Amino acid sequence: MRPTSLTCLLLLSSPLCCTMNQARLTVSPSSSQMFEGEFVSLSCEEDDSSAGWKLRRNTTRETRKECEDWGESAGSSCNITVTAPWDSGIYWCESREGATSNSINITVTGGSVILQSPVLPVMEGDDVTLHCKTETSNLPADFYKDGSLIRTEPAGHMTIHHVSRSEEGLYKCNSSSHGESPSSWISVTGKPTTTAPPPVSEAPPQLVFTLVCHLVVFCPYFISTLLMVSLYRHRPTGNDPPVSMVMTQPIQAEQGLDDDYDDIITSVTTEHHF
Ligand SMILES: *[C@@H]1O[C@H](CO)[C@@H](O)[C@H](O)[C@H]1NC(C)=O
Ligand SMILES: *[C@@H]1O[C@H](CO)[C@@H](O)[C@H](O)[C@H]1NC(C)=O
Ligand SMILES: *[C@@H]1O[C@H](CO)[C@@H](O)[C@H](O)[C@H]1NC(C)=O
Ligand SMILES: *[C@@H]1O[C@H](CO)[C@@H](O)[C@H](O)[C@H]1NC(C)=O
């Protein structure tokens, strides 16, 4: 009975442990748009490097292509030394088992204007600054959201204070001298109710992971042991006086104590059934 249930638990808990295995995709420079010819570095920050996280992307030309086919790969990071417009697409990390990270939209333009906007979702309540720029400087520009003009900024950058969910959308800018930027989606995520969890890189993830796995495996045993102990202690109701008597008696010999104990058990059992 015991070994079987242990095997069961181990089998049950191993997929649980695997789904807790996660990765986060980060990109440097952290911008959703860039000019062609620039350098970009993508990296999977993972809990477990043995899970074989790989960078993949979908572009207009190809789907689910691994880094080996379009960048310089080293472990779970990937660099594009010289970007081109056909590198525009959606990027994500995928483990050998098919688990996926967050995904990131990147637009590489052959034009002369970009909108520099956050590539990762923005936290509700935070401030966000968008820049309309050429390769060398900010441009006086109009800023658009979902096709409608929202602001004209002579300095070429626009700050949205205390971002809300309703400000999620497709943004672009347009300068009278240099023309339009591509559009980029800005997503806003809800603020967590508790304090923000520490970044993946700061915690010792392997330790937490192992701890959680052990908890998942041992919790049922711990709980059932507690239950059994409490059941045992509650069953013989007339138990208390004999126990305290035994405790106060001077201990003469191991054998004697054992005999006393057996006597109590027997008497309790008889009491219980009378
Ligand atoms: C990539 O393209 C495939 C095939 O069209 C699609 O199933 C998948 O959802 C895409 N991945 C992302 C992250 O958009
Ligand atoms: C990618 O670029 C980063 C930063 O420049 C560097 O540390 C890393 O070694 C590069 N990786 C590859 C695979 O070239
Ligand atoms: C990528 O962009 C499309 C629209 O351009 C948007 O619908 C989608 O949510 C974006 N994905 C991410 C991860 O930002
Ligand atoms: C961008 O600005 C130019 C010049 O101000 C204007 O002619 C054009 O219509 C604008 N484009 C959009 C999409 O508003």
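Thresholds, definitions, all that
Residues numbered from 1 in each chain as written. Chains lettered and ligands numbered in written order. Predicted model: local features only at pLDDT ≥ 70, side-chain atom pairs only at ≥ 80, totals over all residues. Heavy atoms only, no water. Salt bridge = Lys/Arg side-chain N within 4 Å of Asp/Glu carboxyl O. Helix = DSSP H or I, 4+ residues; strand = E, 2+ residues; numbered from the N terminus. Buried < 20%, exposed > 50% of the residue type's maximum accessible area, 1.4 Å probe, protein only. Phe/Tyr/Trp six-rings, centres within 6.5 Å; stacked < 30°, edge-to-face > 60°. Near = heavy atom within 4 Å. Polar contact = N/O pair within 3.5 Å; in protein donor to acceptor, adjacent residues only side chain to side chain. Contact = heavy atoms within 4.5 Å. Core = buried A, V, L, I, M, F, W, Y, C linked by side-chain atoms within 4.5 Å. Disulfide = S-S within 2.5 Å. pLDDT = per-residue confidence, 0-100. Pairing = 2+ DSSP bridges. Axes fitted to C-alpha atoms, helices over the stretch in contact; angles between N-to-C directions.

- In the nomenclature of an unreviewed UniProt entry, the chain is known as Fc receptor-like protein 5 of Scomber scombrus.

### Some words on the pattern of salt bridges
Oppositely charged side chains can pair when the atoms bearing their charge come close.
Phase 1 of the analysis: For the coordinates displayed, the defined rule picks out 10 salt bridges.
Phase 2 of the analysis: A salt bridge links Lys54 to Glu66, with the nearest nitrogen and oxygen atoms 3.8 Å apart. Taken together, the residues Lys54 in strand E4 (residues 54-59) and Glu66 in strand E5 (residues 65-66) connect sequence positions 12 residues apart.
Phase 3 of the analysis: Take Lys54: its relative accessible area is 30%, and that puts it in the partly exposed class.

### Notes on the packing of aromatic side chains
Phase 1 of the analysis: Per the counting criterion, the structure on display carries one aromatic pair.
Phase 2 of the analysis: Relative to Tyr91, the ring of Trp70 has its centre 5.4 Å away and its plane inclined at 85 degrees; by these criteria the two rings are edge-to-face. One end of the pair, Trp70, is in the loop between E5 and strand E6 (72-74); the other, Tyr91, is in strand E8 (residues 89-94), and 21 residues separate them in sequence.
Phase 3 of the analysis: Its relative accessible area of 12% is what places Trp70 among the buried residues.

### Details of the site of ligand 3
Phase 1 of the analysis: Residues in close proximity to ligand 3 include Ser103, Asn105 and Trp185, which together make up its full environment.
Phase 2 of the analysis: Contact between ligand 3 and Asn105: an oxygen atom at 2.3 Å from a side-chain N or O atom of the residue.

### Concerning the environment of Trp86
Phase 1 of the analysis: Mapped onto the secondary structure, Trp86 falls in the loop between strand E7 (77-80) and E8.
Phase 2 of the analysis: Trp86 sits 24 residues away from Glu62 along the chain, and the two C-alpha atoms are 9.8 Å apart.
Phase 3 of the analysis: Each residue touching Trp86, except ones within four places of it in the same chain, is listed here: Arg57, Thr59 and Arg61.

### Considering the nonpolar core
Phase 1 of the analysis: Ranked by size, the top nonpolar core spans 20 residues in total, and within it Leu25, Val27, Leu42, Leu55, Trp70, Tyr91 and Ile106 carry the most contacts.
Phase 2 of the analysis: With 16 residues, the next largest nonpolar core counts Val113, Leu115, Leu139 and Met158 among its residues.

### With respect to the state of the cysteines
Phase 1 of the analysis: Applying the stated criterion across every chain, the model contains three disulfides.
Phase 2 of the analysis: One disulfide in the model links Cys132 with Cys173; its S-S distance is 2.0 Å. Here the disulfide of Cys132 and Cys173 is right-handed, its torsion about the S-S bond being about 80 degrees. Note that Cys132 is positioned in strand E12 (residues 128-133) and Cys173 in strand E16 (residues 169-175), a separation of 41 residues in sequence. Exposure class is identical for Cys132 and Cys173. Each is buried.

### Points about the confidence of the model for the chain
Phase 1 of the analysis: Chain-level pLDDT for the chain is 78 on average; 63% of the residues reach the 70-or-more range.
Phase 2 of the analysis: Contacts of residues 200-205 to residues separated by more than four positions or lying in other chains number four contacts, the stretch itself having pLDDT below 50.
Phase 3 of the analysis: Contacts from residues 207-213, a stretch scored under 50 in pLDDT, to residues over four places away or in other chains number three contacts.

### Some details on the environment of Thr159
Phase 1 of the analysis: The topology assignment puts Thr159 in strand E15 (residues 157-160).
Phase 2 of the analysis: Of the residues examined, Thr159 reaches a relative accessible area of 22% and is grouped as partly exposed.
Phase 3 of the analysis: As a C-alpha pair, Thr159 and Leu130 span 29 residues in sequence and 6.3 Å in three-dimensional space.
Phase 4 of the analysis: Leaving out residues up to four positions away in the same chain, Thr159 has contacts with Asp127, Val128, Thr129 and Arg151.

### Regarding the sheet that holds strand E3 (residues 40-46)
Phase 1 of the analysis: Sheet architecture is open: four strands sit in the order E1-E3-E7-E6, paired in antiparallel fashion. Looking at the sheet topology across the chains shown, the edges are occupied by strand E1 (23-28) and E6. For this sheet the average axis-to-axis angle between neighbouring strands, irrespective of direction, equals 15 degrees.
Phase 2 of the analysis: Note that E3 and E7 share four bridges and pair antiparallel.

### Overview of the environment of Ala155
Phase 1 of the analysis: Looking at the secondary structure, you find Ala155 in the loop between strand E14 (148-153) and E15.
Phase 2 of the analysis: Along the sequence, Ala155 and Leu139 sit 16 residues apart, while their C-alpha atoms lie 6.7 Å from each other.
Phase 3 of the analysis: With near-sequence residues (within four places) excluded, Ala155 lies in contact with Asn138 and Leu139.

### Some details on the sheet that holds strand E10 (residues 114-116)
Phase 1 of the analysis: The strand order across the open sheet built from three strands is E10-E12-E15, with neighbouring strands paired in antiparallel fashion. Here the strands that pair on one side only, and so sit at the sheet edges, are E10 and E15. Adjacent strand axes in the sheet meet at a mean angle of 20 degrees, parallel and antiparallel pairs treated alike.
Phase 2 of the analysis: Strand direction decides the pairing type here: E10 and E12, joined by three bridges, are antiparallel. Among the inter-strand pairings, Leu115 is bridged to a residue of E12, identified as Cys132.

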